[in-house]
Amino acid sequence: MLCAVVFFAAVAAVAARADTIVLKNGRRIVANNVREEGDKVKYETSAGELSLPKSIVDHIEKGGGVPMGDSPAAGAANLAITPPAMGTISGGTEIESGAVHDGAIDREYIARLEAAAHAGDQRANAAAALAHHAAAQFELSRGDMERALADERTALTFAPEEPTLLMNVAYLHLRRSEYKQSLDYLERARRVAPGNADVAKLAGWAYYGLNKIDQAVAEWKRALALRSDPEVQAALDKAQRDKQEEESYKENESSHFTLRYSGAAEPALARDILHTLEAHFSAIESELNFAPADSIGVVLYTQQAFADITRAPGWVRALNDGRIRVPVQGLSGVTPELSRVLKHELTHSFVGQKTRGHAPTWIQEGLAQWMEGKRSGDNAAVLAQVFQDGHAPSLGQLEGSWMGLQSDAAGYAYAWALANIEYIVQTDGMGDVERILERIGGGSSTEAALREVLHSDYSDLMQSTAEYLRKNYGR
Ligand SMILES: [Zn+2]
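In short, a report on the structure. (Residues numbered from 1 in each chain as written. Predicted model: local features only at pLDDT ≥ 70, side-chain atom pairs only at ≥ 80, totals over all residues. Heavy atoms only, no water.)

### A closer look at the packing of aromatic side chains
Here is step 1: Tallying each qualifying case throughout the model produces 11 aromatic pairs.
Here is step 2: When the centroid spacing of 5.8 Å and the interplanar angle of 40° are considered together, the rings of Y208 and W220 count as tilted. One end of the pair, Y208, is in helix α8 (residues 197–209); the other, W220, is in helix α9 (residues 213–226), and 12 residues separate them in sequence.
Here is step 3: Through a chain of ring-to-ring contacts, the aromatic side chains of F257, F281, F290 and F350 assemble into a single cluster.
Here is step 4: The ring of W370 has R375 lying over it, and the distance from NZ or CZ to the ring centre is 3.3 Å. (Phe/Tyr/Trp six-rings, centres within 6.5 Å; stacked < 30°, edge-to-face > 60°. Helix = DSSP H or I, 4+ residues; strand = E, 2+ residues; numbered from the N terminus. Lys NZ or Arg CZ within 6 Å of the ring centre and 35° of its normal.)

Spelled out as structure tokens, the structure:
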């Protein structure tokens, strides 16, 4: 039995700048690695490579998009916005290529523009703003949110009324799951650009992230009134499905959780579940040395409601998209299996908050399985063999969403995730896992975090894990 995690915040986990394929019917597809081959346009998704006949493609826009995840929640939480076009500055392209060239940011060039701006005129200020903005976009494309945000905020000091810069700062805060800060900047953007559809679109995400569904719905309706947008429509539909279902629910609270459940579930079961969750909370808190600050939302469903609301593949037993969603039909108390599922999903909430939503899927699922008590055991021999035959996936391939995977591929993905975490914990202790999470939360890529903490890259880690499996489980 498998579980899946779909984090609202992990939504935009793909850091690479993506391209946009614009179809003749006006539909826009944001995707990675778009290229033309013969009469096809090919692009990558986490489900594999897809292609379109060239005849239906109008044109391809390079860069700028944030690719859409393929899970329901990821789809709903897609953050595609076009970077600001600061067309009012003459020589804008020149400034951009002066600020970023040869795969690096030219800080000396930017410093010269800054000096000119401090000396004087408005055009020099706009140029310095644009240069910092270009640097921020470059950092974003490399997944360095921390520096991207610092540059984008500096850009804003040179052009404090520029709505596109305000939106970019808001967007970066959203990517870091800092919803309240994001809303502050969106309010400022709205004051200077009241009719901008992207402001409303982003504000919708910020409210959604804060679990303020009514306000999210209002913002997305406003965005749609200003401009039709299939992504906003999909998000709105999902939010309204959620809302309708949950309105008929009862509510219960404990110190770390807010629980909602339908009339079909027993109040006694709800109390039992809260009790179990609180016990797991303390256990995970002491293992990871950290506790999430915000109350964690939990929703209990009937089997059918779970399938309808989440639209998750059939192999998903529960999920966590910011709230823990669990089907409990037919249960009158907490079974050992349900207890494991709850601990697993709760681990996702801890990891999500600790890493600001930037943990790769393999760490999320590996750690969640470890915490629920799973060990590699019977899978070890098969995994070691698969590795020896050169058929193991790389950890890089296991970073993004798994929702598009077939159940057998998902089975391997979970098994490898567990094996790698098991190896780290058994060899170096949970302290190393904590340090890795800490660095990811600070904006580091996962592989860079591994290098600092374990002195291993992805392929070293897989190698060591395969050896660990052979040694510890071999006959
Ligand atoms: Zn999971």
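### Section: the environment of D457
Here is step 1: Residue placement: D457 occurs in the loop between α18 (446–454) and α19 (458–473).
Here is step 2: The partly exposed category is assigned to D457, whose relative accessible area is 23%.
Here is step 3: Spatially, the C-alpha atom of D457 lies 9.4 Å from that of T446, the residues being 11 residues apart in sequence.
Here is step 4: Residues contacting D457, with those up to four places away along its chain left out, are E447 and R451.
Here is step 5: For D457, the side chain forms a polar contact with the main-chain nitrogen of D460, separated by 2.8 Å. (Buried < 20%, exposed > 50% of the residue type's maximum accessible area, 1.4 Å probe, protein only. Contact = heavy atoms within 4.5 Å. Polar contact = N/O pair within 3.5 Å; in protein donor to acceptor, adjacent residues only side chain to side chain.)

### Quick word on the pattern of salt bridges
Here is step 1: Within the structure shown, the criterion is met by 16 salt bridges.
Here is step 2: Put simply, K201 and E231 hold a salt bridge, and the shortest N to O gap is 3.0 Å. With K201 in helix α8 and E231 in helix α10 (residues 230–247), this pair connects stretches of sequence that are 30 residues apart. For the pair formed by K201 and E231, the shared burial category is buried.
Here is step 3: A salt bridge links K354 to E438, with the nearest nitrogen and oxygen atoms 3.1 Å apart. Of this pair, K354 sits in helix α13 (residues 336–354) while E438 sits in helix α17 (residues 430–441), and the two are 84 residues apart along the sequence.
Here is step 4: Through salt bridges that share partners, D198, K201, R227, D229 and E231 make up one connected network. (Salt bridge = Lys/Arg side-chain N within 4 Å of Asp/Glu carboxyl O.)

### What to know about the packing of helix α14 (residues 361–372) against α17
Here is step 1: Running from N to C, α14 and α17 cross one another at 150°; their axes reach a closest spacing of 13 Å. For the pair α14 and α17, the sense of crossing is left-handed. For the pair formed by α14 and α17, the contact residues are I363, L367, W370 and M371 on the first element and M430, V433, I436, L437 and I440 on the second.
Here is step 2: Considering only residue class, the contact of α14 with α17 consists of nine nonpolar, no polar and no charged. (Axes fitted to C-alpha atoms, helices over the stretch in contact; angles between N-to-C directions. Left-handed = near helix turned anticlockwise from the far one by under 90°. Nonpolar A, V, L, I, M, F, W, Y, C, P; charged D, E, K, R; others polar.)

### Brief notes about the pairing of strand β11 (residues 296–301)
Here is step 1: Counting buried positions over the six residues of β11 gives six, a clear majority of the element.
Here is step 2: The side-chain alternation of β11 yields two buried faces, one formed by I296, V298 and L300 and the other by G297, V299 and Y301.
Here is step 3: Sheet topology note: the β11/strand β13 (residues 323–327) ladder contains five bridges and is parallel. Of the residues in β13, the one forming a bridge with V298 is I324. (Pairing = 2+ DSSP bridges.)

### Points about unusual backbone geometry
Here is step 1: Despite not being glycine, D102 shows a phi value in the positive range, around 50°.
Here is step 2: Examined against the element boundaries, D102 turns out to sit in the loop between β7 (100–101) and β8 (104–105).
Here is step 3: Judged by its relative accessible area of 75%, D102 falls in the exposed class.
Here is step 4: Phi angles above zero are rare outside glycine, and N289 is one such case at about 65°.
Here is step 5: Within the fold, N289 resides in the loop between α11 (267–288) and β11.

### Quick word on the pairing of strand β12 (residues 316–320)
Here is step 1: In terms of burial, β12 is a largely internal element, five of the five residues being buried.
Here is step 2: Between β12 and the antiparallel strand that follows it, β13, lie two residues; G322 among them carries a positive phi value of about 115°.

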